[in-house]
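The primary structure of each chain is shown beneath.
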Amino acid sequence: MIQIHKPGFYSSIQDLGRFEYRDKGVPISGVMDMISAKFANKLIGNPEKAAVLEITMTGPELEFNEETLIAISGAIISPKLNGNDIYNDEVYHIKKGDMISFGKLKNGFRCYLAVQGGFKTETVLGSKSWYVSLTNYSHLQRGKTLEIAKRKEYKVKEHLPGMNHDFNNKELEVYKGPEFNLLSKDQVNQVLSGIFNVAKENSRMAYQLKQQLFPHKYSILTSSTLPGTVQFTPAGKLIILMKDAQTTGGYPRILQLTEEAIALLAQKRTDEEIIFSLKE
Amino acid sequence: MDKFKLEYRQYGNKALLIEWPRMVNEAILNDILKFKNAILQEIDTFELIPAYNSLTLISTTPIDFKSLTSRLKKVYKQNYTFEKIQKKLWHIPVCYDLDFGIDLEAFSLEKKLNIEEIIKFHSEPLYTIYCIGFLPGFMYLGGLNKTLHHPRRGVPRLQIPQGSVGIGGEQTGIYPQESPGGWNIIGNSPVKVFNTNNENPCGVSVGDKIKFYPINKDEHELITIQVAAGIFHLKTYELDDTNT
């Protein structure tokens, strides 16, 4: 069991997502940065779909009441074990009474804490991902506890694999979206050669971009949307849907991010720059 | 059966979008649902999301757009008029009391209709579910009486209570959970069409029909208790193609 002393800015349990209910309006949720989350699980011998703790911007303070292995991957938020610095992408043996805390955010925006066996929280509609209104919790709360699933024997590998995931990269790989062809040549140019900044309206639901492009009057009959869909609002703003986004929308879908681009964008914070790079 | 001219569009590397002519009508919706059933019998590796004039196929792994499109075109050409679409009619109680229908009085003044007329016009039609989205279990309903069409509120409310029944433009619907929203609220339904406590969390599907029936405040309270205890069951009727 893990005791939550401080919740951090926004920490939630996530796995790879909740599928098969999109036709009922249920967002898939799941980890925002799949690359880092899968990597943290891999380091300690978990299946990649094991539920992890997604930590955003500032970290929680957690007291472990049982022995386990942990690994942290993704953003560097100066993690500490009993007050001493520890490092991302390493495996640590946690003993009863150990305390994990975090400090300054140094790189990226979200990190993933994996525990051996995964977190044992409620499963709703086939997933452990927290989502407001479906699960009892949407984010960590002070004074609550988290259970750890039963762990198997695991021998930590001597040579840990490296992770190739550069958060300073600005380039988001995209495909053309279904309504890409609504854009004129000039407009395509504006979208594909422009530098954009992340607006302060960024969350697990969507990342808005600051720049305002040309206003337009295109609309579509409400149709399905996906995480990574770039919507183009009539006012000329770009909204990039993320994992908790609604499953349908009426704005033109001009681009579609790759899963890797979603993982990269999940590590961006307000004001940071991005560019779109079209993948053929 | 009339066949439509369809557009196949690549949607990222794991999804494919099929579009029908841009119209809201039942013939298109039925064709979408029949094609969906036919696809399900051929290929079972996709999540299929129907909405108004589109059907989206989503895979968890990358798809070969070209070969999938030609496969789908073949399926569409097949004569599957025999395909039955399973549809249900759901009777959903709505309490139009002023305590719930916080915009009813203003709505009545602006539309120059008395409240009884609004209730009659709203609970008379057989609505069609064209799409489910926005929130888990939020139904986009078609079939609102023209006299009740009304623009959304200028400024959306930050919190609309769960179960609120509203009118926004040409649409009506129920907010399945507390949420922000800009629709004119005319009543409240005590039932939950989306409930994770149920084995099937959301009985309603795109293509199903909805009929609202007015209840008073006491009945609303009673049904709320029954819903919480898990002993309230919505009245449903199976429909077949002949009566849709």
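The model shown is predicted, which means the values in this text are computed figures rather than measured ones. (Residues numbered from 1 in each chain as written. Chains lettered and ligands numbered in written order. Predicted model: local features only at pLDDT ≥ 70, side-chain atom pairs only at ≥ 80, totals over all residues. Heavy atoms only, no water.)

Peer 1: Looking at this structure, I do not really get the nonpolar core. What am I missing?
Peer 2: Nonpolar side chains in soluble globular proteins tend to end up buried together. Of all hydrophobic cores here, the largest spans 70 residues; its most connected members are A:I240, A:L257 and A:F276. The element that contributes the greatest number of residues to this core is strand β10 (residues 107–115) of chain A, accounting for 6 residues. Lining this core are residues from two domains, each supplying at least three of them: domain 1 (2–146) and domain 2 (171–278) of chain A. Once you skip the residues sitting within four places of it in the chain, A:L257 turns out to touch A:L172, A:E173, A:V174, A:G228, A:V230, A:I240, A:I262, A:L265 and A:F276. Membership of the second largest hydrophobic core comes to 55 residues, among which are A:L221, B:C95, B:I115 and B:L135. (Core = buried A, V, L, I, M, F, W, Y, C linked by side-chain atoms within 4.5 Å. Buried < 20%, exposed > 50% of the residue type's maximum accessible area, 1.4 Å probe, protein only. Helix = DSSP H or I, 4+ residues; strand = E, 2+ residues; numbered from the N terminus. Domains from an automatic or database assignment. Contact = heavy atoms within 4.5 Å.)

Peer 1: Please clarify how the sheet that holds strand β8 (residues 91–94) of chain A should be interpreted in this entry.
Peer 2: In a beta sheet, neighbouring strands pair by backbone hydrogen bonds and run either parallel or antiparallel. All names here are of chain A. Spatial ordering of the open sheet is given by β2-β3-β10-β5-β8, a layout of 5 strands whose pairing is antiparallel. Each of the sheet's edge strands pairs with one partner strand only, and the pair in question is β2 (10–14) and β8. For this sheet, the mean inter-axis angle between neighbouring strands, taken without regard to orientation, is 25°. When strand β5 (residues 68–76) meets β10, the two strands line up antiparallel, connected through 6 bridges. Across the sheet, the residue bridging to G74 is C111, located in β10. Lying over the sheet, helix α1 (residues 34–43) contacts β3 (52–56), β5, β8 and β10, oriented at roughly 155° with respect to β5. (Pairing = 2+ DSSP bridges. Axes fitted to C-alpha atoms, helices over the stretch in contact; angles between N-to-C directions.)

Peer 1: I tried to follow the sheet that holds strand β3 (residues 47–51) of chain B on my own but got confused; where do I start?
Peer 2: Residue and element names in this part refer to chain B. With antiparallel pairing, 4 strands are arranged side by side in an open sheet as β1-β2-β4-β3. The outermost strands of the open sheet, each flanked by one partner alone, are β1 (7–11) and β3. Strand after strand, the sheet turns through a mean of 20° between neighbouring axes, direction not considered. Direction of pairing for β3 relative to strand β4 (residues 54–58): antiparallel, over a ladder of 5 bridges. Directly across from I49, in β4, lies its bridge partner T56. Together, β1, β2 (15–19), β3 and β4 form the strand contacts of helix α1 (residues 26–42), whose direction differs from that of β3 by roughly 175°. Helix-sheet contacts for helix α2 (residues 65–77) involve β1, β2 and β4, and the interaxial angle to β1 is about 150°.

Peer 1: Is there a simple way to think about unusual backbone geometry in this case?
Peer 2: Peptide bonds are mostly trans, and most non-glycine residues show a negative phi. Residues and elements named next belong to chain A. The residue S78 is not glycine, and still its phi comes out positive at about 45°. In this fold, S78 is placed in the loop between β5 and β6 (80–81). A positive phi angle, near 80°, is found at D271, a position not held by glycine. Secondary-structure assignment places D271 in the loop between α3 (259–265) and β20 (273–278). Judged by its relative accessible area of 42%, D271 falls in the partly exposed class.

Peer 1: So what exactly am I meant to see when it comes to the pattern of salt bridges here?
Peer 2: Opposite charge on two side chains permits pairing when their charged atoms draw close. Residues and elements named next belong to chain A. All chains considered together, the criterion is met by 22 salt bridges over all chains. E259 is paired through a salt bridge with K243; the nearest N and O atoms lie 3.3 Å apart. Of the two residues, E259 sits in helix α3 while K243 sits in the loop between β17 (237–241) and β18 (248–249), which places them 16 residues apart along the sequence. Since its relative accessible area comes to 21%, E259 is described here as partly exposed. Residue K243 is classed as buried on the basis of its relative accessible area of 2%. A network of salt bridges, in which partner residues are shared, links E54, R110, R204 and D244. (Salt bridge = Lys/Arg side-chain N within 4 Å of Asp/Glu carboxyl O.)

Peer 1: Can you help me understand the environment of A:C111 in this one?
Peer 2: Residue and element names in this part refer to chain A. Along the polypeptide, C111 turns up in strand β10. Along the backbone, C111 and F214 are 103 residues apart, and their C-alpha atoms lie at a distance of 36 Å. If near-sequence neighbours (up to four positions away) are discounted, C111 is found in contact with L53, E54, I55, I72, S73, G74, A75, I77 and F102.

Peer 1: What's the story with the interface of chain B and chain A in this structure? I'm lost.
Peer 2: For an interface, size is often stated in terms of accessible area lost upon the parts coming together. Listed per partner, the contact involves 38 residues of chain B and 34 residues of chain A. Carbon and sulfur atoms make up 58% of the surface buried where chain B meets chain A, a total of about 2,800 Å² over both sides. By the criterion of area lost to chain A, the three top residues of chain B are B:Y11, B:R22 and B:E47, representing 23% of everything that side buries. Run the count over chain B and chain A and you get 2 salt bridges. For B:E19, the salt bridge goes to A:R253, with nearest N and O atoms at 3.8 Å. (Buried area = accessible area lost by both parts, 1.4 Å probe.)

Peer 1: Help me understand the UniProt feature "domain: Carboxyltransferase" (unreviewed entry) in chain A, please; the structure alone is not making it clear to me.
Peer 2: The positions UniProt marks with the feature "domain: Carboxyltransferase" (unreviewed entry) are residues 23–280 of chain A. The span residues 23–280 of chain A is 10% helical and 33% strand by assignment, and the distance between its end C-alpha atoms comes to 29 Å. (UniProt positions renumbered as here; feature names shortened; annotations may be inferred.)

Peer 1: Sorry, what's going on with the domain arrangement of chain B here?
Peer 2: All names here are of chain B. Parsing chain B into structural domains produces domain 1 (7–77) and domain 2 (86–240). Measuring from the centre of the C-alpha atoms in domain 1 to the corresponding centre in domain 2 gives 29 Å. With 9 residues of domain 1 at the interface, the matching set in domain 2 holds 10 residues. For the pair domain 1 and domain 2, the summed buried area comes to about 800 Å², and 58% of that belongs to carbon and sulfur atoms. By the criterion of area lost to domain 2, the three top residues of domain 1 are E26, L29 and Y52, representing 59% of everything that side buries. The interface formed by domain 1 and domain 2 contains 2 salt bridges. A salt bridge links K209 to E26, with the shortest nitrogen-to-oxygen separation between them at 2.6 Å. Between domain 1 and domain 2 we count 5 residue pairs in polar contact (both at pLDDT 80 or more) in total. Broken down by secondary-structure element, the contributors of at least two residues to the side of domain 1 that touches domain 2 are α1 and β3. For the side of domain 1 that touches domain 2, the element with the most residues is α1, which contributes 4 residues. (Polar contact = N/O pair within 3.5 Å; in protein donor to acceptor, adjacent residues only side chain to side chain.)

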